[in-house]
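The lines below spell out each chain.
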Amino acid sequence: MKTKFKVGDQVSWNSEAGRVSGTVIRVHTKDFNYKGYIHHASETDPQYEIRSNKTDHIAAHKGAALTKI
């Protein structure tokens, strides 16, 4: 079963700079345009927008890339 996250959850993920942590700020359940790219999302495989705790950078990731902390 895939882990589902909700707005406000603290998560971490791997980036080019190493392990990053942040807060889920939005859950997408339909395809969406983000930074010029179409990101594919659905009710069964949502994507999440996360704000980095350290830099306030916003990233979009599928749940499989995230770990709840």
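Residues numbered from 1 in each chain as written. Predicted model: local features only at pLDDT ≥ 70, side-chain atom pairs only at ≥ 80, totals over all residues. Heavy atoms only, no water.

> In this structure, what is going on with the nonpolar core? I would like to understand it.
In this structure, Phe5, Val11, Trp13, Val20, Val24, Tyr48, Ile50, Ala59 and Leu66 together form the largest nonpolar core, which totals nine residues. Mapped onto this core, the elements with two or more residues apiece are β1 (10-15), β2 (18-28) and β5 (47-52). Not counting the four nearest positions on each side in its chain, Tyr48 is found in contact with Thr3, Lys4, Phe5, Val24, Arg26, Val27, Ala59, Ala60, His61, Lys62, Gly63 and Leu66. (Core = buried A, V, L, I, M, F, W, Y, C linked by side-chain atoms within 4.5 Å. Buried < 20%, exposed > 50% of the residue type's maximum accessible area, 1.4 Å probe, protein only. Helix = DSSP H or I, 4+ residues; strand = E, 2+ residues; numbered from the N terminus. Contact = heavy atoms within 4.5 Å.)

> I'm lost on the packing of aromatic side chains in this one. Help?
Any aromatic ring pair is given by two values, namely how distant the centres are and how the planes are angled relative to each other. For the structure on display, the rule yields two aromatic pairs. Each ring, one from Phe5 and one from Tyr48, has its centre 5.3 Å from the other, and the planes form 85°; the classification is edge-to-face. Residue Phe5 is found in the segment before β1, and its partner Tyr48 is found in strand β5; the two are separated by 43 residues along the sequence. When its relative accessible area of 1% is taken as the criterion, Tyr48 is described as buried. (Phe/Tyr/Trp six-rings, centres within 6.5 Å; stacked < 30°, edge-to-face > 60°.)

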